[in-house]
Amino acid sequence: MMKLTTKILAITLTMASFSVLAKTRIELYKSPTCGCCKEWAAIMEDKGYTVNVHHQDNWSNIKQNFGMPPQLQSCHSAVIDGYLIEGHVPESDIARLLKESPVNISGLAVPGMPQLSPGMARAGVKYENFKVVSFSKDGLALYNQY
């Protein structure tokens, strides 16, 4: 009986460790010619995410499906665990969003292309001078500020 219990425990722990190690998948929609989007994707991969890139000229239907206001538009969109991530959102804000899993937020956005945001700033440069905005059917809110 003890050997069976030990085997069941070992199998359970192994399966749990695989689920913890499973990488979060990002579906990234971007123009084929955008270089800063490629840089943002590389940052996310370095942080342990799996990035599946979709080169498209138009992905406005995805933004509309998540109810993203046009004033938040940026150069790329990503879908991560049911949230829309628009533009150069730092990984730490995405990790917080995924950890907290709020039901009252459709996504996060960094409008435009701020020079000191992830994918725009040179490696090692501190992120600053931009805001991360959350959006939902109820409106906009400041999520973080750099």
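Residues numbered from 1 in each chain as written. Predicted model: local features only at pLDDT ≥ 70, side-chain atom pairs only at ≥ 80, totals over all residues. Heavy atoms only, no water.

Enquirer: Please explain the environment of methionine 120 as it appears in this structure.
Expert: Following the sequence through the fold, methionine 120 ends up in the loop between strand E5 (107-110) and strand E6 (131-136). For the pair methionine 120 and cysteine 37, spaced 83 residues apart in the sequence, the C-alpha separation amounts to 8.6 Å. (Helix = DSSP H or I, 4+ residues; strand = E, 2+ residues; numbered from the N terminus.)

Enquirer: What exactly am I supposed to notice about the pairing of E6 here?
Expert: Buried residues dominate E6, accounting for five of its six residues. Pairing geometry for E5 and E6, over three bridges, is antiparallel. Bridging across to E6, leucine 108 finds its partner in serine 134. Relative to strand E7 (residues 139-145), E6 runs antiparallel, the two sharing six bridges. Paired with valine 132 across the strands is asparagine 144, a residue of E7. Where E6 folds back on E7, the antiparallel hairpin that results is connected by two residues. (Buried < 20%, exposed > 50% of the residue type's maximum accessible area, 1.4 Å probe, protein only. Pairing = 2+ DSSP bridges.)

Enquirer: Could you clarify how one ought to interpret the side chain of serine 74 in this entry?
Expert: Within the secondary structure layout, serine 74 lies in the loop between helix H3 (60-65) and strand E3 (76-80). Residue serine 74 is classed as buried on the basis of its relative accessible area of 11%. Apart from residues lying up to four places away in sequence, serine 74 is in contact with Lys63, Glu86, Gly87, His88, Val110, Gly112 and Met113. (Contact = heavy atoms within 4.5 Å.)

Enquirer: Explanation requested: the environment of serine 77 in the structure shown.
Expert: Structurally, serine 77 can be placed in strand E3. On the accessibility criterion, serine 77 (0% relative accessible area) is buried. Residues serine 77 and lysine 63, spaced 14 residues apart in sequence, show a C-alpha to C-alpha distance of 7.6 Å. Setting aside chain neighbours within four positions, we find serine 77 in contact with Glu27, Leu28, Tyr29, Trp59, Lys63, Leu84, Ile85 and Glu86. Engagement of the side chain of serine 77 in a polar contact is seen with the side chain of glutamate 86, the distance being 2.4 Å. (Polar contact = N/O pair within 3.5 Å; in protein donor to acceptor, adjacent residues only side chain to side chain.)

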